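Summary of the model geometry
In case you want the letters, here they are:
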Amino acid sequence: MIRGELARRAEALIDARKPFVAATVIRAQSPTSVHPGDAALIGADGMIDGFVGGACAESSVRLHAQRVLETGESLLLRILPGGDESETAAVEGAVTVRNPCLSGGALEIFLEPHVPAARVLVVGETPVAGALMELGAALGFAMVGGEEGDALEPGDAAVLVASHGHEEESVLAAALRAGVPYVGLVASRRRGSAVRESLDVPEELRAQLHTPAGLDIGARTPNEIALSIFAEVIAESRASGPSAAPAGPSVAIDPVCGMEVASGEGAITLEHEGRQVFFCCSGCRDAFEADPAGHAAR
C-alpha cells in the first residue's frame, strides 16, 4: 500500500491531472533487498519515485508501467531470475518476465494505472448546462463549468456550449482552434447554422462544430438533451480511439542480456557509433562497453 510521503505525492499528481502508475511489491523471494509493501510511483515519462527493486527490476517495472498506462488496466508483474525454472506455469492476469541480470529472488509487483478522467468544459448557466454537468459527472468525466475560452486546457475531451447566446462565438472558435475533439452548441438548427457561419475560423474548422449538439433521439427535456449529447461524445471518442492515456513506450533490446527495456527518460544508456544503446542495468552497460563487438549480434 502506498502511504506516507509517497501517498502525498500521489495525491499531488492526481490533483495536477498527471497520469502515473502505483507499483506495490506483494511478494519478494529471498535473497532480495526489496520487501512486500515497498512501493513506487512511475510517471508517464518512465521516471520512478520510490523503491520496488534494484536497477534490473526497475527496468521491467518501467516498461510494463508505461504499458498499463496505455491500456488503463492493472496487472501483476512477475519478475523471475533468468536461471529460475521453478515457476514456469502461466498465471492468469499476470505478465511474467525473466531477467537474466536479476541478482535476487523472484518478485511480484502489482501495477495500478491512474489516468485522469477526460475533462469536459460546459459553458452556460441554463437548465441544459446544469443537466450536462450532472450527467457528465455520473458518467465519470471531469466536469468544469466556465464562461471564457481561456478556461480550455490541453487534452480537453469536449466543450459544450449551452448559454443561449452568451459568449458563444468566442468560446466555440477557441475550442475549434485548440483542436478539442468534440465541440458542441446547444441551439436550434437555424440558430446553430447562423452561429457556425459567424465563427472567425477556417471553413474546415467550422465543419467540425456539432450543432444541434447530440444524437437525434427526439430529446426535449434538459436531461434528455444532455443524454443525447454525451451519447454522441462517447460514440465519437470510441470511434477515434482512446486519447487520455499516454502513448505506449518506445522499446529497445538490451544487446547483452536480450531483455526488452523502455528507452525513455531514466533508461540506462550509452552512445556507440553514433547511436544510443539501451540496457537493463549498469552491469550490462559495462559489459557492452568492455566488448561492443562481442554483443553486436543483438
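Nothing here was measured: the structure is a model prediction, and the numbers come from that model.

Some words on the overall build of the protein
The number of helices and strands found in the protein is 8 helices and 15 strands. Here the protein holds 298 residues, and 43% of them are scored as buried. The long-range share in the protein, meaning contacts at least 24 apart out of those at least 6 apart in sequence, stands at 57%. Total accessible area on the protein is roughly 14800 Å²; 51% of this is exposed by carbon and sulfur atoms.

A closer look at the sheet that holds strand 10 (residues 182–185)
By definition, the strands of a sheet pair up through backbone hydrogen bonds, in either a parallel or an antiparallel sense. The strand order across the open sheet formed by 5 strands is 8-7-9-10-11, and the pairing between neighbours is parallel. Both outer strands of the open sheet, strand 8 (142–146) and strand 11 (209–210), are each paired with one neighbouring strand and no more. Here helix 4 (residues 168–177) sits on the sheet and contacts strand 7 (119–123), strand 9 (158–161), strand 10 and strand 11; the angle it forms with strand 10, its principal contact strand, is near 165 degrees.

What about the sheet that holds strand 1 (residues 20–28)?
Taken in spatial order, the 6 strands make up an open sheet running 3-2-1-6-4-5, and their pairing is mixed. The outermost strands of the open sheet, each flanked by one partner alone, are strand 3 (48–50) and strand 5 (94–99). Neighbour to neighbour, the strand axes of the sheet diverge by 25 degrees on average, direction disregarded. Bridge count between strand 4 (residues 75–81) and strand 6 (residues 107–114): 5 bridges; the pairing is antiparallel. Paired with Leu75 across the bridge in strand 6 is Leu111.

Description of the pairing of strand 8
Successive residues of a regular strand alternate their side chains across the two faces of the sheet. The pairing of strand 7 with strand 8 spans 5 bridges and is classified as parallel. Residue pairing for strand 8: Leu121 is matched across the bridge by Val144. As a crossover connection, the stretch from strand 7 through helix 3 (residues 127–138) into strand 8 is right-handed.

Focus on the pairing of strand 10
Of the two faces of strand 10, the one lined by Tyr182 and Gly184 and the one lined by Val183 and Leu185 are each fully buried. In terms of strand pairing, strand 9 meets strand 10 through 4 bridges, oriented parallel. Within the sheet, the bridge partner assigned to Val159 lies in strand 10 and is Val183. As defined by bridge partners, strand 10 adjoins strand 11 across 2 bridges and the pair is classed as parallel. Its bridge partner lying in strand 11, Gly184 is registered against His210.

Looking at the pattern of salt bridges
In total, this model carries 11 salt bridges according to the counting rule given. Here Glu5 and Arg8 are joined by a salt bridge, their closest N and O atoms 3.1 Å apart. Of the two residues, Glu5 and Arg8 both sit in helix 1 (residues 4–15), 3 residues apart, roughly one turn of that helix. Using a relative accessible area of 40% as the deciding quantity, one classes Glu5 as partly exposed. Residue Arg8 is classed as exposed on the basis of its relative accessible area, which comes to 52%. Residue Glu203 pairs with Arg206 through a salt bridge whose shortest N-O separation is 3.2 Å. With Glu203 and Arg206 both in helix 6 (residues 203–206), this residue pair falls 3 residues apart, about one helical turn. Linked through salt bridges whose partners overlap, the residues forming this network are Glu5, Arg8, Arg9 and Asp49.

Re a nonpolar patch on the surface
A surface patch of nonpolar side chains, amounting to about 270 Å² of accessible area, comprises Leu215, Ile217 and Leu227. Tracing the chain through its elements places Leu215 in the loop between strand 11 and helix 7 (222–240). On the accessibility criterion, Leu215 (39% relative accessible area) is partly exposed.

As for the packing of helix 4 against helix 5 (residues 189–198)
The geometry of helix 4 relative to helix 5 is characterised by a closest axis approach of 10 Å and an angle of 65 degrees between their N-to-C directions. Between helix 4 and helix 5 lies a crossing whose hand is right-handed. Here helix 4 contributes Glu168, Glu169 and Leu172 to the contact with helix 5, which in turn contributes Arg191, Val195 and Ser198. Taken together, the residues of the contact of helix 4 with helix 5 break down into 2 nonpolar, 1 polar and 3 charged.

Concerning the packing of helix 3 against helix 7
Contact geometry of helix 3 with helix 7 gives a least axis separation of 8 Å together with a crossing angle of 55 degrees. On the basis of the axis angle, helix 3 is oblique to helix 7. Where helix 3 crosses over helix 7, the two elements pack in a sense that is right-handed. Along its contact with helix 3, which presents Pro127, Val128, Ala131, Leu132, Leu135 and Gly136, the element helix 7 presents Pro222, Asn223, Ile225, Ala226, Leu227, Ile229 and Phe230. Looking at the contact of helix 3 with helix 7, its residues break down into 11 nonpolar, 2 polar and no charged.

So, how was this worked out
Residues numbered from 1 in each chain as written. Predicted model: local features only at pLDDT ≥ 70, side-chain atom pairs only at ≥ 80, totals over all residues. Heavy atoms only, no water. Helix = DSSP H or I, 4+ residues; strand = E, 2+ residues; numbered from the N terminus. Buried < 20%, exposed > 50% of the residue type's maximum accessible area, 1.4 Å probe, protein only. Contact = heavy atoms within 4.5 Å. Areas by Shrake-Rupley, 256 points an atom, 1.4 Å probe, with all protein chains shown as cover. Pairing = 2+ DSSP bridges. Axes fitted to C-alpha atoms, helices over the stretch in contact; angles between N-to-C directions. Right-handed = clockwise from strand over helix to strand, strands pointing away. Salt bridge = Lys/Arg side-chain N within 4 Å of Asp/Glu carboxyl O. Patch = residues over 30% accessible without salt bridge, like charges linked within 9 Å, V, L, I, M, F, W, Y side chains within 5 Å. Left-handed = near helix turned anticlockwise from the far one by under 90°. Nonpolar A, V, L, I, M, F, W, Y, C, P; charged D, E, K, R; others polar. Parallel < 35°, antiparallel > 145°, perpendicular 65-115°, else oblique.

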